[in-house]
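# Observations on chain architecture
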Amino acid sequence: MNKQNTKLSRENAIHEGKAKIIYKTTNPSLLIQYFKDDASAFNGKKKGQIEKKGECNNDISSNIFSRMESDGFKTHFVEKLSAREMLVKKVEIIPVEIVVRNIVAGSLAKRMGVEPGMPLSIPVVEHYYKDDDLGDPMINRFHMIAFNLATDDEIDYIEVEALKINEWMVNFFDRIGIILVDYKLEFGRSPDGILLADEISPDGCRFWDKATKEVLDKDRFRRDMGKLTQTYEEMRHRVLGG
Ligand code: TMP
């Protein structure tokens, strides 16, 4: 889609999250995602700023979405508009975060009482109810249907799609020297069907360097590991050059 043809301009904000602001545009079926430098962790209890994070995440997400679109995945991505702005199709976000895991880390290591770093024999797909006040509790298919969060068919589609996306993502990141440990996806309903939405960036993924096992994601902020801007820039450099 061509920016000139859409004659869009940014109108008022309709949603402000922890890392992004969503703006209406003059086209009712398109929105703008604005990427902020604000960082948060532990359900908003820890807050900070990472210089240039917004620009890096927009570049990384735009690049990955556009590669995925070329490979036949359906996403909300239309185009990168500016350093911090991404034009996206309007979707109704399904209020369930889909976490896909390839290696044990984070909350799974705690829940199962194992050390981070153990490879999983199959990718593990988990669902979390998107509700900050409740701390995004883990739910399953029964909760999703009983609480009308998604239909049986939608859950089938999302789970199959998440596993296809995982295969693609593991391969892509492997090519750029990264182990894709785990990550969070969001999907939304649109007139074009269910689309992969939100962002794919170091904010919502765990990336470890293949050679050194260095942490290259938001865990550096969560665990006060330093080199924050440098890490986001390193991931941008690798993804864009991949
Ligand atoms: P976890 O180990 O804390 O459950 O997180 C698993 C992965 O999903 C990790 O890469 C971070 C990402 N994630 C988010 O980005 N947002 C969330 O709200 C949750 C629960 C996970």
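Coordinates for the structure precede this section.
Anyway, here's the lowdown on the structure attached to this text. (Residues numbered from 1 in each chain as written. Predicted model: local features only at pLDDT ≥ 70, side-chain atom pairs only at ≥ 80, totals over all residues. Heavy atoms only, no water.)

## Examining helix H5 (residues 152-175)
Put simply, the test is: Per the convention used, a helix needs a DSSP run of H or I reaching at least four residues, while a strand needs a run of E reaching at least two, with both numbered from the N terminus. Multiplying one less than the number of residues by 1.5 Å gives the expected span of a helix.
The end-to-end C-alpha distance of H5 is 35 Å, a good match for the 34 Å that 24 residues give at a rise of 1.5 Å each. Following H5 by one or two positions, glycine 177 adopts a phi angle in the positive range, close to 75°.

## Structural notes on the nonpolar core
Nonpolar side chains tend toward joint burial in soluble globular proteins. Applied cut-off: To qualify as a nonpolar core, a set must consist of buried Ala, Val, Leu, Ile, Met, Phe, Trp, Tyr and Cys residues joined through side-chain atoms within 4.5 Å. Working definition: with a 1.4 Å probe on protein chains only, accessible area under 20% of the residue-type maximum means buried, over 50% means exposed, and in between means partly exposed. Note on contacts: a residue pair is in contact if any heavy atoms of the two residues lie within 4.5 Å.
Counting residues in hydrophobic clusters, the biggest one holds 41 residues, and the most contacted among them are Ile64, Met68, Met169, Phe173, Leu185 and Ile200. When residues of this core are assigned to their parent elements, the largest contribution, eight residues, is made by H5. With residues up to four places along the chain from it excluded, the contact list for methionine 68 reads Phe73, Thr75, Ile165, Trp168, Met169, Leu196 and Ile200. By size, the runner-up hydrophobic cluster in this structure holds seven residues, among which are Ile21, Ile32, Val78 and Leu87.

## Remarks on the packing of aromatic side chains
For clarity, the cut-off: The rule is short: rings of Phe, Tyr and Trp, with Trp giving its six-membered ring, pair when the centres are within 6.5 Å, and they are stacked under 30 degrees, edge-to-face over 60, tilted in between.
Under the definition given, this model contains five aromatic pairs. Arranged with centres 5.4 Å apart and planes meeting at 15°, the rings of tryptophan 168 and phenylalanine 172 form a pair that is stacked. Of the two residues, tryptophan 168 and phenylalanine 172 both sit in helix H5, four residues apart, roughly one turn of that helix. By the burial criterion, tryptophan 168 is buried, and phenylalanine 172 matches it. The interplanar angle of 75° and the centroid separation of 5.2 Å between the aromatic rings of phenylalanine 172 and phenylalanine 173 together place this pair among those described as edge-to-face. Assigned by exposure class, phenylalanine 172 and phenylalanine 173 land together as buried.

## Thoughts on the site of the ligand
This is how the line gets drawn: In these notes, residues near a molecule or strand are those with any non-hydrogen atom within 4 Å of it. Any pair of nitrogen or oxygen atoms within 3.5 Å is treated as a polar contact; in protein, a donor-acceptor pairing is required on top of that, and neighbouring residues in sequence qualify only through side-chain atoms on both sides. Following the grouping adopted for this structure description, the nonpolar residues are Ala, Val, Leu, Ile, Met, Phe, Trp, Tyr, Cys and Pro, the charged ones are Asp, Glu, Lys and Arg, and the polar ones are all others, Gly among them.
In the neighbourhood of the ligand, 16 residues make up the surrounding shell, with Glu97, Arg101, Ser107, Asp182 and Arg206 lying closest. Between the ligand and serine 107 there is a distance of 2.5 Å, counted from an oxygen atom to a side-chain nitrogen or oxygen. Take arginine 206: an N or O atom from its side chain is 2.9 Å from an oxygen atom of the ligand. Contributions of two or more residues to the shell around the ligand are made by strand E9 (96-103), helix H3 (106-112), strand E12 (178-190) and strand E14 (205-209). For the shell around the ligand, the residue count by class is five nonpolar, three polar and eight charged.

## Concerning the sheet that holds strand E6 (residues 77-82)
Backbone-to-backbone hydrogen bonds join strands into a sheet, with any given pair of strands oriented parallel or antiparallel. Operational definition: Strand pairing is defined by DSSP finding a minimum of two bridges between the two strands. The angle between two axes is taken between their N-to-C directions and runs from 0 to 180 degrees, where each axis is a line fitted to C-alpha atoms and a helix contributes only its stretch in contact.
Reading across the sheet, the five strands line up as E1-E2-E3-E7-E6 and stay open at both edges, with antiparallel pairing between neighbours. Single-partner strands in this sheet number two, and they are strand E1 (10-16) and E6. On average, each strand axis in the sheet is inclined to that of its neighbour by 30°, with strand direction left out of account. Pairing analysis gives four bridges linking E1 to strand E2 (residues 20-25), with the strands arranged antiparallel. Bridge assignment links glutamate 16 to a residue of E2, and that residue is isoleucine 21. Strands strand E3 (30-35), E6 and strand E7 (85-89) of the sheet are contacted by helix H2 (residues 53-70), whose axis makes an angle of about 150° with E6.

## Focus on the packing of H2 against H5
The test is simple: Oblique is the label for every angle not falling under 35 degrees (roughly parallel), over 145 degrees (roughly antiparallel), or within 65 to 115 degrees (roughly perpendicular). In this scheme the handedness of a crossing depends on how the near helix is turned from the far one: anticlockwise by less than a right angle means left-handed, clockwise means right-handed.
The contact between H2 and H5 brings their axes to 12 Å, and the two run at 120°. In terms of axis orientation, H2 runs oblique to H5. You can see that H2 and H5 cross each other, and the crossing is right-handed. Residues Ile64, Arg67 and Met68 of H2 form the contact with H5, whose participating residues are Ile165, Trp168, Met169, Phe172 and Phe173. Class assignment of the residues belonging to the contact of H2 with H5 gives a composition of seven nonpolar, no polar and one charged.

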